[in-house]
Amino acid sequence: MSTIYLMEAANLFCGDDDPTASKHLTLTELQLPNLQEAYQDHQPGGSRVQIEVAVGIQKLEASFKLAGWDPDLLAQFGLGASARKKFTAYGVIRNKRSGAAIEAKAVLEGRLGAASPEAFTRGEMQGFDYTISEILHYELHFEGTETYYWDFFTSDWRVNGVSQNADERTILRIPGGL
């Protein structure tokens, strides 16, 4: 049966070391990573027609916007922060057919790669645009079920809990994963 799922609210934790560091009061925008394949053009010597060959997935990047200043978050920016941070986003998704509230959860490990302040205008709330770069781990869960999982270091890639590259990892003797 068909339905519509709409996100109604979101929250973000920037670094899971402090469970009270919720950004729900300042979060105004959240953009999860775009999932986009990478392609390479190929025209073999015996072919008149060039084809496009999928060779992987493009790098992942996410962004968010917070109202006001956040000195603790700004301290996570850049090369001075030696380790990647864990960013966990939660969303309230509404099933418009049943009215049920559903949890969406995204877990990203990356670096705070950009912190861009908006121009100050008197009488308006100044905010900051942030970018999460160098994402080396990404999980997306919908209603408690793993929808997407990728980890750079284990080379594990799952969609709906099913490994997409178990054969490759087995042949190459890459440990880890399920």
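See above for the structure.
Note that the coordinates shown come from a computational prediction; the quantities given were computed from them, not determined experimentally.

Enquirer: Explain the overall build of the chain here, please?
Expert: Within the chain one finds two helices and 11 strands. Tracing the chain from N to C terminus, the helices and strands come up as β-β-β-β-β-α-β-β-β-β-β-β-α. C-alpha atoms of the chain, sized along the principal axes, occupy 65 × 45 × 40 Å. Burial status across the chain gives 31% buried among its 178 residues. Summarising the internal contacts of the chain: among those between residues at least 6 apart in sequence, 52% fall at separations of at least 24. Here the chain contributes 16 positively and 24 negatively charged side chains, and the mean placements of these two sets differ by 1 Å.

Enquirer: Quick question: what am I supposed to make of the packing of aromatic side chains here?
Expert: For any pair of aromatic rings, geometry is given as the distance between the ring centres together with the angle between the planes. On inspection of all chains with the given rule, the structure shows nine aromatic pairs. Taking 5.0 Å as the distance between ring centres and 20 degrees as the angle between the ring planes, the aromatic pair formed by F64 and Y130 counts as stacked. Taken together, the positions of F64 in strand β5 (residues 62-67) and Y130 in strand β8 (residues 127-142) put the pair 66 residues apart, joining distant regions of the chain. Geometrically, the ring pair formed by W69 and F128 is edge-to-face, given 4.9 Å between the ring centres and 75 degrees between the ring planes. Separated by 59 residues along the polypeptide, W69 in the loop between β5 and α1 (71-74) and F128 in strand β8 bring together distant segments of the chain. Judged by relative accessible area, F128 falls into the buried class, the value being 3%. Across the ring face of Y149, the terminal group of R158 is positioned such that the distance to the ring centre comes to 3.8 Å.

What counts, and at which threshold
Residues numbered from 1 in each chain as written. Predicted model: local features only at pLDDT ≥ 70, side-chain atom pairs only at ≥ 80, totals over all residues. Heavy atoms only, no water. Helix = DSSP H or I, 4+ residues; strand = E, 2+ residues; numbered from the N terminus. Buried < 20%, exposed > 50% of the residue type's maximum accessible area, 1.4 Å probe, protein only. Contact = heavy atoms within 4.5 Å. Lys, Arg positive; Asp, Glu negative; His and termini not counted. Charge placed at Lys NZ, Arg CZ, Asp CG, Glu CD. Phe/Tyr/Trp six-rings, centres within 6.5 Å; stacked < 30°, edge-to-face > 60°. Lys NZ or Arg CZ within 6 Å of the ring centre and 35° of its normal.

In short, shape yes, function no, at least from these values alone.
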